[in-house]
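Listed below are the residues making up each chain.
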Amino acid sequence: MAAPDLPGFRPGTVVTGASQGGQYTIQSLIGRGANGNVYLVRTASGQQAALKAGPEKPELKAEVEVLAQLKKHELENGDRRSFLLDADRYKTEGRSVPFYVMKFVRGVPIDAYIRKYGYRQIGTTGLGLLDKLSGLHQAGFIFGDLKPCHVLVEESGGVELVDYGGASPIGANVKQYSGWYDRKYWNAGTRTADPGYDLFAFAVLCLHVFDERSLRRVDAALLPQTRSTEDLVQLAGRITALQPFEPWLARALRGGFANSREAYAQWKVLCRLYPPQGKKGASKLLVVAFCGSLLLLGTVLYAALSL
Ligand SMILES: Nc1ncnc2c1ncn2[C@@H]1O[C@H](COP(=O)(O)OP(=O)(O)OP(=O)(O)O)[C@@H](O)[C@H]1O
């Protein structure tokens with residue numbers, strides 16, 4: 001949904017922060033979210049970053065607060081690669097437009113990444129995602145609206161969460177959720193923000209990415225009051241490609257993890273049983289096959305010419 005009454009920044013516009021003086025040159029529009037537009041920008045030091053600017057709304061302010069808390073937590077833990085780079089206001093044409101700047105994630109949604117590189121990538125990308133969720137939980141928030149388009153995976157396999165608009169403080173009500181990913185939709189628990197809410201959504205994300213058709217079928221066969229955790233657990237047991245992670249998924253769906261660190265550690269153990277097929281390995285195989293075909297073609301041509 002496009003943000004209303006938002007001045008569209010044109011490429012070349014220099015957005016200058018009124019209090020901290022950060023300067024960001026707009027390169028292009030990446031996308032429009034409910035709380036603002038996201039632009040690809042170049043910082044004064046020449047780095048690419050993503051800038052989100054929106055109308056004066058408490059939702060955008062809340063997003064910045066979550067990211068600021070996360071950054072504080074990361075700095076306390078010695079991690080200097082924060083997602084949030086700046087937050088300020090831009091004064092233009094008599095208006096003051098709030099914006100924040102974050103790491104630009106050159107990635108694709110997790111479902112597209114897994115389709116491209118193969119189902120075995122779920123091990124490492126899942127671990128990266130659990131690590132991000134765990135960091136957020138330790139900072140006192142849950143992500144809430146977890147779904148594939150909010151999980152971007154870079155070519156290197158690095159995982160980032162984007163759109164913190166649904167993040168809620170632990171103990172509060174979950175403020176933004178989406179159908180299948182919502183624990184309450186399946187009568188599997190409340191909409192009170194606790195780490196288990198995100199872990200449940202992570203498990204559903206796996207089912208969705210690996211077998212959307214069966215998930216749809218399970219959903220269609222049930223009435224709202226008869227939907228249950230066990231329907232999802234049974235589905236997890238039927239998806240062959242997810243078999244190594246089935247005990248983890250069943251536990252997450254049943255709300256059985258004490259916290260996300262424990263969930264991360266368990267996933268890591270199962271990953272060892274399910275090593276990803278190297279992306280490089282696959283391309284090496286293609287090169288060998290290509291060279292082999294060239295050699296064969298050369299031999300056939302040589303044989304034909306010598307006759
Ligand atoms: N840091 C980032 N790096 C790269 N792309 C990003 C980044 N943040 C957001 N995006 C992309 O910008 C677009 C808009 O994102 P945004 O988070 O504002 O909203 P949304 O998730 O699309 O929608 P809504 O806010 O309505 O749920 C999406 O396509 C998203 O993938």
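No experiment lies behind these values; they were computed from the predicted model shown. (Residues numbered from 1 in each chain as written. Predicted model: local features only at pLDDT ≥ 70, side-chain atom pairs only at ≥ 80, totals over all residues. Heavy atoms only, no water.)

1. Here we look at the overall build of the protein chain
A tally of helices and strands in the protein chain yields 9 helices and 11 strands. Among the 307 residues that make up the protein chain, the fraction classed as buried is 44%. Considering only intrachain contacts with a sequence separation of at least 6, the fraction spanning at least 24 residues in the protein chain is 58%. When the accessible surface of the protein chain is summed, it comes to about 15800 Å², and 56% of that surface belongs to carbon and sulfur atoms. (Helix = DSSP H or I, 4+ residues; strand = E, 2+ residues; numbered from the N terminus. Buried < 20%, exposed > 50% of the residue type's maximum accessible area, 1.4 Å probe, protein only. Contact = heavy atoms within 4.5 Å. Areas by Shrake-Rupley, 256 points an atom, 1.4 Å probe, with all protein chains shown as cover.)

2. Quick look at the domain arrangement of the protein chain
Annotation of the protein chain at the domain level lists domain 1 (14-103) and domain 2 (107-273). Once you take the C-alpha centre of each, domain 1 and domain 2 turn out to be 27 Å apart. Counting residues at the interface gives 11 residues for domain 1, matched by 14 residues for domain 2. Remark: the boundary between domain 1 and domain 2 carries 2 salt bridges. The salt bridge partner of Glu154 is Lys103, with a shortest N-O separation of 3.4 Å. Between domain 1 and domain 2 we count 2 residue pairs in polar contact (both at pLDDT 80 or more) in total. Among the elements that make up the side of domain 1 that touches domain 2, the one with the highest residue count is helix α1 (residues 58-76) (7 residues). (Domains from an automatic or database assignment. Salt bridge = Lys/Arg side-chain N within 4 Å of Asp/Glu carboxyl O. Polar contact = N/O pair within 3.5 Å; in protein donor to acceptor, adjacent residues only side chain to side chain.)

3. Examining the site of the ligand
The ligand sits among 15 residues. The nearest are Lys52, Lys103, Val105, His150 and Asp163. At 2.8 Å, a side-chain N or O of Lys52 approaches an oxygen atom of the ligand. Lys103 places a polar main-chain atom, nitrogen or oxygen, 2.9 Å from a nitrogen atom of the ligand. In isolation the ligand offers 610 Å² of accessible surface; the protein chains occlude 80% of this area. Counting only elements with at least two residues in the shell around the ligand, the list comes to β2 (23-33), β4 (48-53) and β6 (95-103). Per-element accounting of the shell around the ligand gives the leading share, 3 residues, to β2. Here the residues of the shell around the ligand are counted per class, giving 9 nonpolar, 3 polar and 3 charged. (Near = heavy atom within 4 Å. Nonpolar A, V, L, I, M, F, W, Y, C, P; charged D, E, K, R; others polar.)

4. Concerning the nonpolar core
Grouped burial of nonpolar side chains is what soluble globular proteins tend to show. In this structure, Leu146, Tyr164, Trp248, Leu249 and Trp267 are the most contacted members of the largest nonpolar core, which totals 70 residues. Considering every element that reaches this core, the biggest residue donor is helix α4 (residues 195-210), with 11 residues. Residue-level mapping places this core at the junction of two domains, with at least three residues from each of domain 1 (14-103) and domain 2 (107-273). Residues contacting Leu249, with those up to four places away along its chain left out, are Ala203, Cys206, Ala236, Leu242 and Trp267. Counting residues in hydrophobic clusters, the runner-up holds 13 residues, among them Tyr24, Ile26, Tyr90 and Val101. (Core = buried A, V, L, I, M, F, W, Y, C linked by side-chain atoms within 4.5 Å.)

5. Structural notes on the sheet that holds β4
What holds strands together in a sheet is hydrogen bonding between their backbones, with the strands either parallel or antiparallel. In space, the 6 strands of this open sheet follow the order β1-β2-β3-β4-β6-β5, with antiparallel pairing throughout. In this open sheet, the two strands that pair with only one neighbour each are β1 (14-16) and β5 (84-92). With strand direction ignored, the average angle separating the axes of adjacent strands in the sheet is 40°. With 6 bridges joining them, strand β3 (residues 36-43) and β4 adopt antiparallel strand pairing. Directly across from Val41, in β4, lies its bridge partner Ala49. Seen against the sheet, α1 touches β4, β5 and β6 and runs at an angle of roughly 145° to β5. (Pairing = 2+ DSSP bridges. Axes fitted to C-alpha atoms, helices over the stretch in contact; angles between N-to-C directions.)

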